[in-house]
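Observations on the three-dimensional arrangement
Okay, here's what each chain looks like letter by letter:
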Amino acid sequence: LALAQELIVSNSEDKSIRVWDMSKRQGMQTFRREHDRFWILAVHPTQNLLGAGHDAGLIVFKLERERPPYVPLGSSLLFLRDRTVRAYEYGSGKDQSLLTIRRSSGGSVGGHSGSAVVRSMHYNEAESMLLVCTDAEGGTYELYHMPREAARGGGGGAAEAGDCKRGLGSSGVFVARQRFAVLDKNRHILVKNFQNEVTKKCPPPHPTTDMLFPAATGTLLLRADDRITLFDVQQRKAIGELTAPAVKYVVWSADMSNVALLSKHAVVLATKKLQHLATLHETIRLKSGVWDGNNTFLYSTLNHLKYALTNGDGGIIRTLEVPLYLTKVSNGKLFCLDREAKVRVLQVDMSELAFKLALHNQQFDQVLRTIRRAKLRGHAIIAYLQKKGFPQVALHFVTDEQVRFNLAVECGQIELALEAANKLDSKENWTRLGAEALRQGNHQVVEMCYQKTKDFERLSFLYLITGNMDKLAKMLKIAEMRGDALSRFHNALYLGNARERVAVLAEAGQVGLAHVLAKTHGLDDLAAELETALGEEGTAQLPKPPCDKPSLLVPPVPILRDANWPQLTVSKDFWENVSANDQASSGGAGITMGMDDAVDDLGGGGEGGWGGD
């Protein structure tokens, strides 16, 4: 088996798997099962995976931990490779060794024995102290003092570690400038000074606490089952608590205002007081994360680089060929470590992330710049904008006229909807546009929509309530040309034309009603003609008018006749101004021209807006 070194893996009937170092000719690790014997072994050709078959089934495991211990420090990165603490400067790309630490060894650890594995690493910049936590003997810590010239990245190669302070503890973190906290085997919190002397001992708020994570000065994050507790060391009490599934890593933002809690398959974002912001679930195991500002968190899974915003939005930035551990993001560059503890720099496209963040912060100037520069497209971004209540922004992403029409109607932009409807020219779209325009009181567009759909009844009623008697008279003529008696009667009723109504009733065979109508409205000449047509016998059976002096009821003419109904005067928002500027620069036809054409078509005879009929 060839990994970082030449190894041999063997199994036997003593219920163990043993790992041997070929160069040193000695055993390194031993894995045991209490009740099963191992029989077969298989090694993955490219990954650090080993499969072993035993009496009860099959297990797959790793021989060594692949996550490199590291500590981001703002402008630089501290990480551990081959027992050497190294520093990488983000600006210059300089990578140099600082300190060589001794290899720890211990007995049986979690069912196997061998050299200790570093689980975490923490650095105190003020005092140049390095705290390394390993899994030796069930959990140990080692406290090193780093020379200040080495901590500053001075030359001279790696210095040998002097005497370090060691102790037992499942985890340890710095809690103050000259103090660090350790969780001992009895699950008590021990606060120690740099001479490794206990200065304070306090029980955690939950007896099942099994891990410490760093927090602001004087506080700790404690993991207990499926919850994280913010613990004040000085007051010895919990000041905040949040439910989160089995947290493995904690990442703070630069100003310590927000925190990300990473578990096996979930990311939980919270404030510094552990007030919940958002939770994102993953089906693939999470590896690492880093904050970009205070509202954006980037994290890596086994094969993807993703992002999460504090409002709960997330997405994929790119695919990863190999698992990477993120350390810093700046100006489109992502710094990370691979499993060989080598620094990699990736160029990442943050357009979608920047767009959603600017939209969340309502920085519409930045949103517009992102749209024009990044050329974001696709149904996913349109659906996102509709979901978030920004259909007016989605209008700048679409080229499909039907989608553009739907968005324009949704956000109430009649001008854009009319432009798209003219290009699509479908009855369904004209009907929807007419309903929205009527809701807004834009009767000019309503008129055009009714003309396009040949909705004669609604069009006549529209002319009635807007007081357009000239066009209402034309509607009467059109109804007569169409041979629609009911439409003729309605239009004559709207116009107050009793003579036309008498004629309609007479032609429909309702001579009696026609006679009553003529008598009621004082049309004696028409009444006489009807009596002659009925004869004496028929005239005798006609009912008499209901009163002696009837009067013709004519609908009142509205005060506003030409213009649209008045609306509340409001200033246009940012996106309405952008749409207006875009429409002006494109030289598109306005609404007025379309209205005039439609009005001409109304009285144009055989062709135009009414069609051949």
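These lines cover the structure that appears in this document, whether it is placed above or below.

Rules behind the numbers
Residues numbered from 1 in each chain as written. Predicted model: local features only at pLDDT ≥ 70, side-chain atom pairs only at ≥ 80, totals over all residues. Heavy atoms only, no water. Core = buried A, V, L, I, M, F, W, Y, C linked by side-chain atoms within 4.5 Å. Buried < 20%, exposed > 50% of the residue type's maximum accessible area, 1.4 Å probe, protein only. Helix = DSSP H or I, 4+ residues; strand = E, 2+ residues; numbered from the N terminus. Contact = heavy atoms within 4.5 Å. Pairing = 2+ DSSP bridges. Axes fitted to C-alpha atoms, helices over the stretch in contact; angles between N-to-C directions. Salt bridge = Lys/Arg side-chain N within 4 Å of Asp/Glu carboxyl O. Expected span 1.5 Å × (residues − 1). Parallel < 35°, antiparallel > 145°, perpendicular 65-115°, else oblique. Left-handed = near helix turned anticlockwise from the far one by under 90°. Nonpolar A, V, L, I, M, F, W, Y, C, P; charged D, E, K, R; others polar. Phe/Tyr/Trp six-rings, centres within 6.5 Å; stacked < 30°, edge-to-face > 60°. Lys NZ or Arg CZ within 6 Å of the ring centre and 35° of its normal.

As for the nonpolar core
The biggest cluster of nonpolar side chains holds 29 residues, and the ones touching the most others in it are Phe-405, Ala-417, Trp-430, Leu-433, Val-445, Leu-459 and Met-475. Contributing elements (two or more residues each) for this core: helix H6 (401–410), helix H7 (414–424), helix H8 (427–440), helix H9 (443–453), helix H10 (456–466) and helix H11 (469–482). It is H7 that provides the largest number of residues to this core, a total of six residues. Beyond its immediate chain neighbours, meaning those up to four positions away, Trp-430 contacts Leu-418, Ala-421, Asn-422, Asp-425, Met-448, Cys-449, Lys-452 and Thr-453.

Considering the sheet that holds strand E6 (residues 57–61)
An order of E4-E5-E6 is seen for the three strands of this open sheet, with the pairing classed as antiparallel. The sheet is open, and its two borders are formed by strand E4 (38–43) and E6, each paired with just one other strand. With strand direction ignored, the average angle separating the axes of adjacent strands in the sheet is 20°. Of the pairings in the sheet, the one linking E4 to strand E5 (residues 50–54) comprises five bridges and is antiparallel in character. In the sheet register, Ala-42 faces E5, and the bridge partner there is Gly-51.

Considering the pattern of salt bridges
Taken as a whole and assessed by the stated rule, the structure comprises 21 salt bridges. Where Arg-37 meets Asp-55, a salt bridge forms, and the shortest distance between an N and an O atom there is 3.2 Å. Of the two residues, Arg-37 sits in the loop between strand E3 (26–32) and E4 while Asp-55 sits in the loop between E5 and E6, which places them 18 residues apart along the sequence. Among the residues examined, Asp-55 registers a relative accessible area of 39% and is labelled partly exposed. Through salt bridges with shared partners, a single ionic network connects Arg-81, Arg-86 and Asp-95.

A look at the sheet that holds strand E34 (residues 325–330)
Taken in spatial order, the three strands make up an open sheet running E34-E35-E36, and their pairing is antiparallel. Each end of this open sheet is capped by a strand with a single partner; those strands are E34 and strand E36 (343–347). Between one strand axis and the next, the sheet turns by 25° as a mean value, whatever way the strands run. Summarising the sheet, E34 and strand E35 (residues 333–337) pair through five bridges and their orientation is antiparallel. If you follow Leu-326 over to E35, its bridge partner there is Cys-336.

Topic: H8
Helix length check: H8, at 14 residues, gives a terminal C-alpha distance of 20 Å against a target of 20 Å (1.5 Å per residue), a fit within 8%. Turning to H8, its buried residues number three or more, namely Asn-429, Trp-430, Leu-433, Gly-434, Glu-436 and Ala-437. On the buried face of H8, the contacting elements are H6, H7 and H9. Residue Gly-441 follows H8 closely and has a positive phi angle near 80°.

A few points about the packing of H6 against H8
At a closest axis distance of 10 Å, the pairing of H6 and H8 adopts a crossing angle of 15°. Between H6 and H8, the angle falls in the class roughly parallel. Two packed elements cross with a definite hand, and for H6 against H8 that hand is left-handed. Seen from H6, the contacting residues are Gln-402, Phe-405, Asn-406 and Val-409; seen from H8, they are Asn-429, Arg-432, Leu-433 and Glu-436. Of the residues contributing to the contact of H6 with H8, the split by class is three nonpolar, three polar and two charged.

Brief notes about the side chain of Asn-442
Within the secondary structure layout, Asn-442 lies in the loop between H8 and H9. Residue Asn-442 is classed as buried on the basis of its relative accessible area, which comes to 15%. Once you skip the residues sitting within four places of it in the chain, Asn-442 turns out to touch Ile-414, Ala-437 and Asn-564.

A closer look at the packing of aromatic side chains
Enumeration over the complete set of coordinates arrives at nine aromatic pairs. Summarising the aromatic geometry, the rings of Tyr-88 and Phe-335 are spaced 6.4 Å apart at their centres and angled 55° between planes, so their arrangement reads as tilted. One end of the pair, Tyr-88, is in strand E9 (residues 84–89); the other, Phe-335, is in strand E35, and 247 residues separate them in sequence. A single burial state applies to Tyr-88 and to Phe-335, both of which are buried. The ring centre of Tyr-249 lies 3.8 Å from the NZ or CZ of Arg-67, which sits over that ring. We note Arg-482 situated over the ring of Phe-456; from NZ or CZ to the ring centre the distance is 3.8 Å.

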